[in-house]
Amino acid sequence: VQLQAFGGGLVQAGGSLRLSCAASGGTSNNRFMAWFRQAPGKERDFVAAIRVIGSNTYYAESVKGRFTISRDSAKNTVFLQMNSLKPEDTAAYYCAASRSAILSSIRTVRAYHSWGQGTEVTVSS
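Computed from a prediction, not measured in an experiment: that's the story for all the values here.

Caption draft 1: Up close: the pairing of strand E3 (residues 17–24). Where strand E1 (residues 2–6) and E3 come together, five bridges link them in antiparallel fashion. Counted as the bridge partner of Gln2 is Ser24 from E3. As defined by bridge partners, E3 adjoins strand E8 (residues 77–82) across six bridges and the pair is classed as antiparallel. When the bridges of E8 are listed, Cys21 appears paired with Val78.

Below, the structure written as structure tokens:
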């Protein structure tokens, strides 16, 4: 599956952005879609995931209540609505697809077999 993420940009603290991730090719085997982020010099961290069948959602504690992950199955697109943005949300955001059905693994990088190219989000204070 090929993933293309877009929608990043520069926003002031307290503002909002909506990221999109378009999937193509071999999407039928995906079990979870997710967003991760990576700040300069830091590891890639889990942000949010959505189960493809059922649309259950899962969030990192740091974004719970501020970010919302959703999907449009007809368009094979996953979204990340980010509200009340903080400077610490600044990072490159990556979408990912997993064929794994193991819920306990969805917050780990290794569970995902396909990654988008990343889109930069910068939150100014």
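Caption draft 2: Looking closely at the side chain of Ser20. Among the structural elements, Ser20 can be located in strand E3. Residue classification places Ser20 among the buried residues on the basis of a relative accessible area of 11%. Excluding residues that lie within four positions of it along the chain, Ser20 makes contacts with Gln4, Ala5, Phe6, Trp35, Thr77, Val78 and Phe79.

Caption draft 3: The arrangement of the pattern of salt bridges in detail. A full pass over the atoms with the stated rule returns three salt bridges. Linking Arg37 and Asp89 is a salt bridge whose minimum nitrogen-to-oxygen distance equals 2.9 Å. Separated by 52 residues along the polypeptide, Arg37 in strand E4 (residues 32–38) and Asp89 in the loop between E8 and strand E9 (91–98) bring together distant segments of the chain. By the burial criterion, Arg37 is buried, and Asp89 matches it. One salt bridge connects Asp89 with Arg66, and the closest N-O pair in it is separated by 2.7 Å. One end of the pair, Asp89, is in the loop between E8 and E9; the other, Arg66, is in the loop between strand E6 (57–59) and strand E7 (67–72), with 23 residues separating them in the sequence. Each member of the pair, Asp89 together with Arg66, is buried.

Caption draft 4: Local environment of the sheet that holds E8. With respect to topology, four strands assemble into an open sheet ordered E1-E3-E8-E7, the strand pairing being antiparallel. Unpaired on one side and paired on the other, E1 and E7 mark the two borders of the sheet. Between one strand axis and the next, the sheet turns through 15° on average, direction left out of account. Of the strand pairs in this sheet, E7 and E8 are connected by six bridges, and their pairing is antiparallel. Looking at E8, one finds that Arg71 is bridged to Val78.

What counts, and at which threshold
- Residues numbered from 1 in each chain as written.
- Predicted model: local features only at pLDDT ≥ 70, side-chain atom pairs only at ≥ 80, totals over all residues.
- Heavy atoms only, no water.
- Pairing = 2+ DSSP bridges.
- Helix = DSSP H or I, 4+ residues; strand = E, 2+ residues; numbered from the N terminus.
- Buried < 20%, exposed > 50% of the residue type's maximum accessible area, 1.4 Å probe, protein only.
- Contact = heavy atoms within 4.5 Å.
- Salt bridge = Lys/Arg side-chain N within 4 Å of Asp/Glu carboxyl O.
- Axes fitted to C-alpha atoms, helices over the stretch in contact; angles between N-to-C directions.

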